[in-house]
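# What the coordinates show
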Amino acid sequence: MSITDAELMAFVDGELSGADAERVSAAVSADPGLTARIEDERRLRTMLGDHLAPIAAEPVPENLTLMIAAAAAEETEQDMTDAPAGDPIREQPARVLNFATARAQRQADARAAKTVRAALSGNARRYWGTSAAIAASLVLGLVLGSQFADRGGVIERDGALVASGALAKGLDTQLASAGTDAMPLRMLASFRRSGGDFCRVFDGGRTSGIACKHEGRWTVERTVAGASVIAGEYRQAGSAQGELMAAAQGMAEGEPLDAAQEQAAQTKGWRGN
Amino acid sequence: MSTNPFCEELTALLPRLRRFARGLTHDVADADDLCQQTVERALRSRQQWQEGTRLDAWVYRIMRNQWIDEVRARTRRSQTFTHEEEGVDVGMAGHRDAENQVELGNVGRALARLPDDQREAVVLVLVEGFAYKEAAEIIGVPQGTLTSRLGRGREALLRELGEQA
């Protein structure tokens, strides 16, 4: 019984089953020549695999993961804001990030956040005062940033978005006045809203927002996307923080908390009343 | 709030996609560019992916087609230019410079020397582990064509690497 090259190849590749596989297997064990060829084929497979395996083991470059995360965030945003009924195959806008720009923007945002924090700790009153102009032109979209979505940082509870995981922990423990928060989550300011709840302005890099502690939960009241999420229309450096600060001013009763007030609020577990 | 299965699965595929890109292009920079283009294209066209079908095969097909387009464009450019300027390296098999070939190692060199159609068949089946039927669908040829390319590619590799294999 003769075995063709194609059969032998299919056998090695696991493409044969049942009677065909048994037939080739029997022929191979009876013929040392065939056995040697099978071994050559298997070694070839191993050599090719070994040659290319290191690439799959490398860390994936950030530009690829960021691009996908941005698309996911964008899709979520669209689903939540303007998904029209009866148009399921609506074309996705072709927004592709330019990564160098996005990275530069993130760095600029980080610098701007530092400035904002410095302004707050130095002269909070002045900052609240000057941000009124920003508030006038404020448009805050509800953007669920991929960042916290990915990590389970935001969950839906009774129709509201509630912080969980790393975000909730940061809101509970990190102080804006400390100014030394580790990336990627920074606290920009804390304040009380009418009704007495404590609220915090946070910057998570790709997503920034305002969360207020109400009935024991951090409810995410606002989010804005950082530069890596909003493609096509890059914001000015720090504008996400500016918008949030303006929104915070609109929500706040009085001035933002100073360092001592913030510390006291944290000690009390951010319970407003 | 729902997570996005398409994007999650695509992210999980990235290490394999990078490997396939390197297998196709046998060039670090080309592979990176190809990966980026592929992910962009996949995200743009994600409405065309049918849920319930294999996402990996779909994205591999995008990558493979992007690469074929690129190779064709380079061939056209080199045909246009070589009349006037000699020695345009188009980055295809047989045109690599010596330095690059040293980096590739024996296996990489042998793979790079294969014709493009044989190389993609070899990489899809022997490295990426696709079944004949799946590999043929990714390339868009009948299964018989796939197996004959695979057979020829294998033979060439075994000839070249025979002593080590």
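Throughout this description, residue numbers start from 1 for each chain and increase along the sequence as written. Written order decides the labels, with chains lettered from A and ligands numbered from 1. Per-residue local features of the predicted model are confined to residues with pLDDT of at least 70, and side-chain atom pairs are confined, for both listing and counting, to 80 or more; whole-chain, interface and lining totals are unaffected and use all residues. Values shown for side chains rest on all heavy atoms present in the structure; no hydrogens or waters enter the calculation.

### Quick look at the interface of chain A and chain B
- Between chain A and chain B, the residue contacts involve 39 residues of the former and 38 residues of the latter.
- In this description, buried area is defined as the sum, over both parts, of the accessible area (probe of 1.4 Å) that is lost when the two are combined. When the two sides are added together, the surface that chain A and chain B hide from each other amounts to roughly 3,900 Å², 68% of it contributed by carbon and sulfur.
- The largest contributions to the chain A side of the interface with chain B come from Leu48, Leu52 and Ile68 of chain A, which together make up 16% of the buried area.
- What makes a salt bridge here is a side-chain nitrogen of Lys or Arg within 4 Å of a carboxyl oxygen of Asp or Glu, nothing more. Summed over the shared surface of chain A and chain B, the number is four salt bridges.
- A salt bridge links glutamate 41 of chain A to arginine 154 of chain B; its shortest N-O distance comes to 2.7 Å.
- Counting of polar contacts relies on pairs of N or O atoms within 3.5 Å, with two restrictions inside protein: one atom must be capable of donating a hydrogen and the other of accepting it, and residues adjacent in sequence are counted only when both atoms are side-chain atoms. Our count for the chain A to chain B interface comes out at seven residue pairs in polar contact (both at pLDDT 80 or more).
- Each helix corresponds to a stretch of at least 4 residues labelled H or I by DSSP, and each strand to a stretch of at least 2 residues labelled E; elements are numbered beginning at the N terminus. Contributions of two or more residues to the side of chain A that touches chain B are made by α1 (5-12), α3 (32-57), α4 (62-82) and β1 (154-157) of chain A.
- Among the elements that line the side of chain A that touches chain B, the one with the most residues is α3 of chain A, at 11 residues. Contact definition: two residues touch when any of their heavy atoms are within 4.5 Å.

### Quick word on the confidence of the model for chain A
- Values of pLDDT, ranging from 0 to 100, describe the predictor's confidence in every residue of the model. Across chain A, pLDDT averages 71, with 61% of residues at or above 70.
- Note that residues 227-237 of chain A has pLDDT below 50 and, in this model, 30 contacts with residues that lie over four places away or in other chains.

### Topic: the pairing of strand β4 (residues 198-203) of chain A
All names here are of chain A.
- Throughout, exposure labels follow a simple rule: accessible area from a 1.4 Å probe, protein chains only, divided by the maximum for the residue type, with under 20% read as buried, over 50% as exposed, and the rest as partly exposed. The buried fraction of β4 amounts to six of the six residues, a majority that puts the element mostly inside the structure.
- One requirement defines pairing of two strands: DSSP has to find at least two bridges between them. One ladder, built from six bridges, connects strand β3 (residues 186-192) with β4; its direction is antiparallel. Paired with arginine 192 across the strands is phenylalanine 198, a residue of β4.
- Hairpin geometry of β3 and β4 is characterised by an intervening segment of five residues between the two adjacent antiparallel strands and by a positive phi of about 105° at glycine 195.
- Bridging between β4 and strand β5 (residues 207-214) involves five bridges; their strand directions are antiparallel. Residue pairing for β5: valine 201 is matched across the bridge by isoleucine 210.

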